Each structure stands twice: as structure tokens, then as C-alpha cells.
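Observations on chain architecture
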Amino acid sequence: MRTDTEQTIFLRDYEPTPYRIVSVDLDFRITEEMTRVRAQLTIEPREETAPGTPLVLDGDGISLHSIAIDGAPLVLAAYAADETGLTVVEPPYRRFVLDTEVLLKPETNSKLMGLYRSSGTWCTQCEPEGFRRITYYLDRPDILAPFKVRITAPQSVAPVLLSNGNLIEQGAAGDGMHYVVWEDPFPKPAYLFALVAGDLGVIKDSFTTMSGREVELGIYCSHGKENECLYAMDSLKRSMAWDEKRFGREYDLDVFNIVAVSDFNFGAMENKGLNIFNDKLVFASPETASDANYASIERVIAHEYFHNWTGNRITCRDWFQLCLKEGLTVYRDQEFSSDERSRPVQRIHDVENLRVSQFPEDGGPLAHPPRPDRYREINNFYTTTVYQKGAEVVRMLATILGEDGFRKGMDLYFEHHDGDATTIEAFLKVFEEANGVDLGQFSRWYTEAGTPEVTVSEDYDAASQTYRLTLTQKTNPTPNQPEKAPFVIPVRFGLLGPNGSEMSWSAVSGGTVHDDLIILDKESVTISFEGIANKPVPSLFRGFSAPVRLNSGLGEDNLLFLARHDADPFNRWDALQSVSTHLLADAAQGRPWHADNIEALRQALLDTLDDAHLDDAFKAQAIGIPDETVIGRHIGRDIDPDSIARVRKEFITALVGPMDSKLEALFASLAITDAYSPGAGQAGRRALRTALLSLLVAGSGRGAALAERLYANAGNMTERSAALAISARNWTRDAPALLGDFRARYSGDALVFDKWLVASAQAGDDGVIERMRTILAAPDFPRTNPNRLRSLLGSFVMNNPAQFLKEDGSGFRFICEAVTEIDKVNPQVAARILTGFRVLPMLEERRRVAARAALESLRSQDGLSRNTQDILQRILAG
Ligand code: TRP
Ligand code: ZN
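Residues numbered from 1 in each chain as written. Chains lettered and ligands numbered in written order. Predicted model: local features only at pLDDT ≥ 70, side-chain atom pairs only at ≥ 80, totals over all residues. Heavy atoms only, no water.

1. Details of the pattern of salt bridges
Summed over all chains, the structure comprises 80 salt bridges. A single network of salt bridges, built from pairs that share partners, joins D640, D642, E807, E844, R846 and R847. (Salt bridge = Lys/Arg side-chain N within 4 Å of Asp/Glu carboxyl O.)

Encoded structure:
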């Protein structure tokens, strides 16, 4: 098989190229039939390069039409072109211009990497290795050059012609053609190149920067969608203002453009001055987008904008350093959302996401460090570990150094590395320098995979008024990393006295403690607190100060005490989650709960709902029951998803039954009569209503009808799609009719259709796979569109464990068959769907065997992409 011999790329093999690219001149001639790309690359050997060293350029799926150096065509023997690139055998030993021409067929590019067409619009995606599908190049992020781009295209089909930087020239080009020239003065790696050509609508606005420069802002979209771009524009302006205020970062070009396209492999892309977005992260109206969609738009607009400094001005030396830009930029967008909305709610949201997706990745066969040291296919490393855990690592740095120390380090980073393609080591070094600290051991967070587990034991001696707290860390082996050394774990904490208030101590010894922060940097530390008059209840990892799993050893009583009294809202939420998770995991393993346990939890939930000091969005999260994936990860092995689903249902029924009329009354009282606004206030209230409805539908006979009525009377998409999703998931009597109605009602809107696909894929009945087969087989199903495929198949593998992990293997076979087909069209999307199989090693045996059989049969197919082979091989090896 090809995979086993396929080359693995190692971080330790990094070497600079023998040649550098001084400047880039591109000339695109676009017609309906094809696109001709002429590249004039000014190239020179590095000082240390020996004369006669071949120049090896990357190329992928392109063919060479002509080649010349300094105007003179090359003879056949002077170069060689194959599927992986172009070699110039003996380039001049001086600065020279390499002139190549290639012909592209964007129309047939279904991988959506390089230049492709989406609904008639020509657009590009170059990160990480798409530029080589446009022209021959040193396609790696440490090659930085200024770009000048000429685009010529038919005026009628492509009146809008965009690229990076500033527009410096435009005019007619005869024969119904016109042209533009864009120039980007900032040297950039090729992965940040972008081009868009099409017939698009636009909204324009402007932003005045902190130094008083006027920046012209544009958001381009298909005609008629302009009004749905207004929220994105508002988010952009708020992002620009926030980055000035919080990080002192000002925008640098005179233009900032965003283009929304319908076919896109990811969320969005931070191309210099020309961000390209998946349209689901731009378009919003109350009738078509949910509150969660609005929040994602705001977050991703900010994320891509923030990359201008963390990613573009300072970029990555190589793709192993991906989290240098991604982890840091996610941290920045999380902070932005926290400042714009509610900080505790944002934190809970981010941690929930980490637990649902990153923890399972980190505990399974696809585990890798935020900075991996090897890969076969870089596209498979745009993961939740690189992004979300990468952000947690930056957050820990901020926690350890404090806000000022962190800001000092960031300032130094921008000062020292502007214009660089750099590394994680360089990033850590500026924080060491700015703060006079040693981050050697801390850097393990970047190089080691796995979620540490921290176990707590306590001891209180009333006679000496001494409280001793012992924290012990342990991390299980991960692929290629059998042995784990201790991490530096920041533990933000407090001790709660009997009345729930914060205790102070007269002296502390035995470890590193600064105010409310313990640094756990050995396998185990024991801290002694003196002057403690009563046995306290410890509140640990406040604000989720480190990405670990905590065994607090606290029983239900103490957890509910924290839920009631903790000054830290995150830990109040987490205490309730822990109670439920423990009860559910125990019951799924045959140790059922006691009625008292449920009664106490119910009372705590009611108290939370009654608490006038808590906001609705927080309450919504507080009353949520951990989902099946979180319970499964907690159990950790021999998982039986049927028993988890059954127990969860029984649990909610027992919990909700005695309080259902109260919940229903609250649900009714929270109805909103004002006009829709996506702001945090209304959104929080709707979130609470949705959370109440979830409990009622899953746990009480009264729920189904409420959901049906909410669906019918909904005044906005948030309510209607929530009612639909909850009904489908619980497969209520009305679910089939609601699905039918929703489909018919919104047949014209692709993004709303996605909500129908998600609801269909997450349905809780046994007919789900059959229905999905029918949906996929329909002749008009858009089987090349990533959003449609991910909505149906991605949400099935990730969010419908009971059906995907079916004992008879039907879920596994269904997905493997679908992946076989998708892989031929778009390998990135296929590989991503396949990662759902990462739970394989944790399943009980029959399911493990069935999953393995389905994967082996997929593996025996001919012509699988490297993307899919890589995921298959890693999962099957685990
Ligand atoms: N850099 C992009 C982001 O984080 C990620 C991205 C966009 C991407 N498009 C891609 C990654 C295509 C891989 C392939 O916002
Ligand atoms: Zn990013």
C-alpha cells in the first residue's frame, strides 16, 4: 500500500531553501474555458548556496506551458516538470527572473484548493499548499515576497476583480475584457495569496485607525445578499477597534476586503487584505440565522482580522508551527468575544467545546501535540488540538505571567518579529525576556500530547488548624510518546469556608503559591495552609485555568456546595456538570444513582434558575446535561453508547419529572415579544428557553407539544431551528412532520437547508441511517459542497453516537461508503468526516470489531487520497 511507504515529514529535518524569492509578478488571464497564469519570479541564490544547485519548485496538478529565464526560453534538458513540481537543473548563480506559464481549469477543481469556481465566482484557497496548484513556486511559509498581480477577465461575468493589497491600475483590455493590477507591499508567504473574480454585490464602509488613517472596508457577496452582510461588517469594525485597544495593533493597508463564497473547505481564510469566507460565517438575518450563527460570525470575522498581526505580519517558519498563529489567534478571538459579550459564559462555552472535541482527540489514536513533530498530510493537522488547545496554552501563559507580563511579552513579540517567519521557541523566548522567567518546562505543553489528569487529596487537622492539599498529575501515553514528564500546570483556586465565603490563611508552605495561583510543576505537590479554622471546600482550576481533567474527589454534597457559593462562575457551572457526569457515568457502568442524588441536584438547578444575580445565558448552560460524548470520554473504555443514551434519558426523566410544571411555567414566562435582536441579552434569554425545552422534551410528557408550538409560532430562526432540532433528537411524535415542514418552507436557502440536514442527522430514531441514505442519493443533493456534506455526515459522526456507533456496524459502513465517494471529489472533507472513528479504541469489543472491519474495507479501496489514508492508518494503528 502506498501509505506505508509514503514519506513522513519531520520537524527535525527543517532546512532553509537554497534560493529565495525576491519578488513575484503574476498575470492571470481568466476566460470561461480556462485560466492562464504567467508568473515572473525574481529569484536569487542564498549566500551559502553552491553554484549549480538545482532550483526545485513545488507544483501540484498543473502543467507547464512555457518557461524562460531572463527572457530566454529554456531548452528541454535545462528543466524537468512532473506531478510534484518543476526543477531547473542549473540556474544562474545570480539574481534572475524565472518566467513560467501554466494553464488551469478551475471549473473542474473539486478539491477547493488552488483556483476554483464557486457558484460562478473564481476564487482561491492557498493555505497550506494550494498555491502550488496555481503556479510553480517555493510553496512554504518561510518564503516571503511582495506580490504584484494583474488580472484580466471578461467584464460581463467578472466585473469584480480582487487580490491582495492596494488597487494600483485598472482599465479595458479589448474584446469585452478588462483588467486590474493589485500590489501588496508587505512581503508574504504564498499561502496568503488570494484572487477573486466574479459578478458580486458589495457593501462598503470605512474605519479610521488609531493613527487617523482611513481604511476602506468591503464585503462582497452574491447579489441580493448585501443586507445579510451588515452584521459581519459591524463585527469587523468592532474587531479593528478592539485590537487597537487591547493589543495596540493597527491595520496596515488602505483596503480590507472580505468575500463570501458558498464552497469552502474551512470556516474562513486570512489572506492579506482579502479574507475569503465560507458564506455561513458572513450571512445573517433573523429569519435565516440563529443566535449561535451570529456569535460565530462575530468570532470568525474577528479571528481572520486578528491574523493580520498574528499570522500575516508575523507568520510561521514551517507548518509544524501552525499553532503559533492559530492557537494565539483563537486566544485573541476568545478574548474579543469575552469582552464583547459575557466573559464567564464565553469561557464555559469554550471549555465545553474543548471537552466535547479536543479531549476525545487528545485521548485517542489521532492525538498529537499542539506543535506536532511529524506529519504525512498537513491538511489533517488543522485540528481542535492545534486551534483550541493551542489557545489554552497561550491562556495559561497569560495566567502565569499575569495580564501585564503577558502584554509585555506580546509587545516584544510584535517588536522583534514583525516581518518574520518564526517558531514557537521564538514566541516563548519573548515572554522569557520580557518577564525574566524560564519557560523551558512550560514548553512541554507545545511538544507533548495528552490531557493530564490531576487528582486531589486533602487532609485537615483541626488541632493545628492546618489544611493540606495534595495535587498529583498523570498523563497517559499518546502515539509516539510513551513516557510523560510533568507539565507546568497553573491552578487558580480558592478555599471556601462553611458559610460559602472565601477563606484566607496565615501562612502557606510546601509549593509555589502566588495569591490565588498554585503552580503544579512536579508529579505531585502538597501545600499546607495555616490558620484555617474549619475544613474548607477547595475550588480548583477556577476559570478552567489549565486544560486538564480533574479528579477532585469531592462528593455530591461538596460539589453542590460549590455550585451554590463559589465566587467563580465557571466553577459553579463546572460543579453542576461534575455531579451529573459522575452520576451518569456510574449508572452507565451499572452503579445506579440514589433518588437522593437526583433530588439534591434538582434542588440545585431550581436554586440556580431562581437566582436573580445570574444571567440567563449562564443559567442556560448551568441546567444543561453533559452530552453523550462527554460521558463516554469520562468512562474512557469499553463504551456502550446505547447504555449511555438510555441512562441519560432515564436520568433526565427522573430529574425533570417532579419539576416539569415549574420549568414549563418558566419557559412560558421567558417568551420575548420585542423585535429580534442578536445581542447577548435576548440571545441569553432564548438560550435559557431552549435549555428548558431540551429538558422538558427529553424528560417530561409535556415537552413534545411545547416544542411543536414553539416551532409553529417561532418569530425567528433561533427558536424554530431549536424546536426542530430538539424534536428530531428526541424523535417526538411531531418530529417527522416538523422535518417535512422545515424542508418545504426553506427550500430556497442553502444555509437553512444545512440546519435541516443537521437535524436529520442527529435524529434519535432507528430510521436515521436509511433517511440519510435517501437524502444523499437524491439526484439534486449538492454532493460537492462541503457545508452540505459536513452538515449531514459530520454532525452524524460527531453528534449522534448512539446511531453512528451502532452495534451492528451499520453506522460505520454507511460512513465508510460515503467517505469512499467523497474522497474522489474532496479529500479534505472526506478525511475530516473519517476522524469520527477516533473513538474506536474506547468502544466495547463488538463495536470495535465492527468499526475495524468497516475501516479495513475502506482501506482496501484503490486510489484513496493521502488525506484519507493518513487518518485510516493512524486510527487503525491506535
Ligand atoms: N487559516 C485558516 C483559519 O484558521 C484556516 C483555513 C482556511 C484552512 N482554509 C483552509 C486550513 C483550508 C486548511 C485548508 O482561519
Ligand atoms: Zn486561523
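2. What to know about the coordination of the zinc ion (ligand 2)
Ideal geometry at a metal gives 109.5 degrees between four tetrahedral donors and either 90 or 180 degrees between six octahedral ones. Within the protein, the zinc ion (ligand 2) binds to H303 (NE2), H307 (NE2), E326 (OE) and E326 (OE); these donor distances fall in the range 1.9 to 2.8 Å. Within one chain, the residues donating to the zinc ion (ligand 2) are spaced in sequence as H-x3-H-x18-E. Classification of H307 as buried rests on a relative accessible area of 0%. (Donors = N, O, S within 2.8 Å, 3.2 Å for Na, K, Ca; no water. Buried < 20%, exposed > 50% of the residue type's maximum accessible area, 1.4 Å probe, protein only.)

3. Section: helix α14 (residues 641-656)
Here α14 spans 22 Å end to end across 16 residues, near enough to the 22 Å set by a 1.5 Å rise per residue. Here α14 has its buried residues at P641, S643, I644, V647, R648, F651, I652, L655 and V656. The opening residue of α14, the one whose side-chain oxygen lies 3.0 Å from the backbone nitrogen of D642, is D640. (Helix = DSSP H or I, 4+ residues; strand = E, 2+ residues; numbered from the N terminus. Expected span 1.5 Å × (residues − 1). Polar contact = N/O pair within 3.5 Å; in protein donor to acceptor, adjacent residues only side chain to side chain.)

4. Here we look at the site of ligand 1
Around ligand 1, the surrounding shell holds 17 residues, and the nearest of these are E127, A268, E270, E304 and Y387. Note that an oxygen atom of ligand 1 is positioned 3.4 Å from one of the side-chain N or O atoms of H303. Measuring from an oxygen atom of ligand 1, one finds a side-chain N or O atom of Y387 at 2.6 Å. Within the complex, 98% of the 370 Å² of free accessible area of ligand 1 lies under protein. Composition of the shell around ligand 1 by domain shows at least three residues from each of domain 1 (9-199) and domain 2 (315-447). (Near = heavy atom within 4 Å. Areas by Shrake-Rupley, 256 points an atom, 1.4 Å probe, with all protein chains shown as cover. Domains from an automatic or database assignment.)

5. What about the layout of surface pockets?
For the second largest pocket, the calculated volume is near 1600 Å³. If you trace the second largest pocket, you find 48 residues lining it, with I9, D58, E129, R132 and R866 closest to the centre. The biggest single contributor to the lining of the second largest pocket is strand β4 (residues 55-58), with three residues. Tallied by class, residues from the lining of the second largest pocket come to 18 nonpolar, eleven polar and 19 charged. Here the lining of the second largest pocket spans two domains, and each of domain 1 (9-199) and domain 2 (315-447) adds at least three residues to it. (1 Å grid on protein atoms, 1.4 Å probe; cavity = no way out; pocket = protein on both sides within 12 Å on 5 of 7 lines; lining within 4 Å. Points joined across faces, edges and corners; volume = space filled by probe spheres on them. Nonpolar A, V, L, I, M, F, W, Y, C, P; charged D, E, K, R; others polar.)

6. Quick word on the sheet that holds β4
On the basis of which strands lie adjacent, the open sheet formed by three strands has the order β4-β8-β7 and antiparallel pairing. Of all the strands in the sheet, the pair left with one neighbour each is β4 and β7 (79-82). Taking each pair of neighbouring strands and ignoring which way they run, the sheet shows an average axis angle of 10°. Note that β7 and strand β8 (residues 85-88) share four bridges and pair antiparallel. Among the inter-strand pairings, A80 is bridged to a residue of β8, identified as T87. (Pairing = 2+ DSSP bridges. Axes fitted to C-alpha atoms, helices over the stretch in contact; angles between N-to-C directions.)

7. A short note on the nonpolar core
One finds F28, Y137, F147, F193, F427, L471 and I489 to be the most contacted residues of the largest nonpolar core, which totals 163 residues. Per-element accounting of this core gives the leading share, 14 residues, to helix α6 (residues 384-417). Setting aside residues no more than four positions away along its own chain, F147 makes contact with V24, L26, F131, Y137, W182, E183, D184, K188, A190 and F193. By size, the runner-up hydrophobic cluster in this structure holds 118 residues, among which are L670, L706, Y711 and A854. (Core = buried A, V, L, I, M, F, W, Y, C linked by side-chain atoms within 4.5 Å. Contact = heavy atoms within 4.5 Å.)

8. Side note on the sheet that holds strand β32 (residues 537-540)
In spatial order, the strands read β29-β30-β27-β32; together these four strands make up an open sheet with antiparallel pairing. Taken across any chain shown, the strands that pair with only one partner, and hence form the sheet edges, are β29 (512-514) and β32. Adjacent strand axes in the sheet meet at a mean angle of 35°, parallel and antiparallel pairs treated alike. The pairing of strand β27 (residues 489-496) with strand β30 (residues 517-520) spans four bridges and is antiparallel.

9. Notes on the pairing of strand β10 (residues 114-118)
Along β10, five of the five residues are buried, which leaves the element largely enclosed by surrounding structure. In terms of strand pairing, β10 meets strand β11 (residues 121-125) through five bridges, oriented antiparallel. Its bridge partner lying in β11, Y116 is registered against C123. Taking the residues between adjacent antiparallel strands as the criterion, β10 and β11 are bridged by two residues, where S119 takes a positive phi near 45°.

10. Let's talk about the environment of P51
Inspection of the secondary structure puts P51 in the loop between β3 (35-45) and β4. Through-space distance from the C-alpha of P51 to that of E90 is 8.1 Å; in sequence the pair is 39 residues apart.

11. Details of the domain arrangement of the chain
Along its sequence, the chain is organised into domain 1 (9-199), domain 2 (315-447), domain 3 (453-546) and domain 4 (577-697). The C-alpha-based centres of domain 1 and domain 3 are spaced at 56 Å.

12. Side note on the confidence of the model for the chain
Across the chain, the average pLDDT comes to 97, with 99% of residues at 70 or higher. Residue range residues 1-5 is modelled with pLDDT below 50. Its contacts to residues more than four positions away, or to other chains, number nine contacts. (pLDDT = per-residue confidence, 0-100.)

13. Some details on the pairing of strand β26 (residues 466-474)
Looking at chain direction, strand β25 (residues 453-461) and β26 are connected through nine bridges and run antiparallel. The partner of V456 across the bridge, within β26, is L471. Hairpin connection between β25 and β26: a loop of four residues separates the two successive antiparallel strands, and Q465 in this loop has a positive phi of roughly 55°. Judged from the seven bridges that link them, β26 and strand β31 (residues 524-530) form a sheet pairing that is antiparallel.

14. Brief notes about the packing of aromatic side chains
As enumerated under the stated definition, the model contains 43 aromatic pairs in all. Ring centres of W242 and F336 lie 5.8 Å apart, and the angle between their planes is 80°; this geometry places the pair in the edge-to-face category. Here W242 is found in helix α2 (residues 230-247), whereas its partner F336 is found in helix α4 (residues 322-340), with 94 residues between them in sequence. Here W242 falls in the buried class, since its relative accessible area comes to 6%. Seen in terms of ring centroids, F804 and F812 are 5.4 Å apart; in terms of plane orientation they differ by 80°. Their pairing is edge-to-face. F804 sits in the buried class, given a relative accessible area of 1%. An aromatic cluster is built from W242, F247, Y251, F256, Y305, F306 and F336, whose rings are joined through pairwise contacts. One residue, R317, lies across the ring of Y14, its end atom 3.7 Å from the ring centre. (Phe/Tyr/Trp six-rings, centres within 6.5 Å; stacked < 30°, edge-to-face > 60°. Lys NZ or Arg CZ within 6 Å of the ring centre and 35° of its normal.)

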